[in-house]
Amino acid sequence: MSFHFFPEEWEGEGADHSANITLYPDLSRKQETHKFALGVKRSMDIAGSAAALLLMSPVLAQWLWRSNCRQGGPVLFKQERLGQYGKKFTVLKFRSMRTDCDAKIHEEYVSQFIAGQVKGADAGGEKPVFKIQEDPRVTAVGRFLRKTSLDEFPQFWNVLVGDMSLVGPRPPVAYEYKAYDLWHRRRVLESNLE
């Protein structure tokens, strides 16, 4: 006999965010019925990410190495994220911030954003954006990387190894996941089934 509580609550930094699939029987049934489609999607993930890595990696790596040599610090930024069923993995990005940054600024902004407490970028009725605008922690090269989304290029490696998919919701950080409502959390659980 086992006891399961829904919705699941995960507290603390060391908490395991993996979902107990027993509480989501409809997800396993959905996965069974979509086996072929998921296989095709995975094949496209492998082909797309491998092609992007082979074609663009040498040029981007050399350019970023040169620009980061002037600033010091690592070229890659690593961050723990939550994938399908809440499984933890390390996402890779090109570093766009100084190395001495505090994540608290982002954590507070994300919590306010999810709660709907972030104002629009201007008075013209524009909706708020997910990323912090004019973040003082971002370097000059980092601003260019973020504007062009080139900072996310190393995530093709995460796609290639199966941590992420080319199409699907963005994998959240654990503190972001804690701020989610139940329907947000379910989207993370279903991420590969869409």
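Here is what the cut-offs are and how they apply
Residues numbered from 1 in each chain as written. Predicted model: local features only at pLDDT ≥ 70, side-chain atom pairs only at ≥ 80, totals over all residues. Heavy atoms only, no water. Phe/Tyr/Trp six-rings, centres within 6.5 Å; stacked < 30°, edge-to-face > 60°. Helix = DSSP H or I, 4+ residues; strand = E, 2+ residues; numbered from the N terminus. Buried < 20%, exposed > 50% of the residue type's maximum accessible area, 1.4 Å probe, protein only. Salt bridge = Lys/Arg side-chain N within 4 Å of Asp/Glu carboxyl O.

Undergrad: Explain the packing of aromatic side chains to me, and be specific about the residues and the numbers.
TA: Counted under the stated rule, the structure contains 2 aromatic pairs. When the centroid spacing of 6.4 Å and the interplanar angle of 5° are considered together, the rings of F94 and F153 count as stacked. Placement of F94 in strand β2 (residues 88-94) and of F153 in the loop between α4 (140-148) and α5 (155-160) is noted, with a sequence separation of 59 residues between them. One exposure class covers both F94 and F153, and it is buried. Residue F153 is classed as buried on the basis of its relative accessible area, which comes to 9%. Members of the aromatic cluster, each reached through a chain of ring pairs, are F94, F153 and F156.

Undergrad: Can you break down the environment of L82 residue by residue, with the values?
TA: With respect to the helices and strands, the residue L82 is situated in strand β1 (residues 76-82). When the C-alpha atoms of L82 and P172 are compared, they prove to be 5.6 Å apart, with 90 residues separating the residues in sequence.

Undergrad: Provide a residue-level description of the pattern of salt bridges, including the pertinent values.
TA: Where charged atoms from two side chains of opposite charge approach closely, those side chains can pair. Taken as a whole, this structure holds 4 salt bridges when the rule is applied. The salt bridge partner of K88 is E80, with a shortest N-O separation of 3.8 Å. Overall, K88 belongs to the partly exposed group, its relative accessible area being 30%. As a salt-bridge pair, K93 and E152 come within 4.0 Å of each other at their nearest N and O atoms. Within this pair, whereas K93 is found in strand β2, its partner E152 is found in the loop between α4 and α5, the two being separated by 59 residues in sequence.

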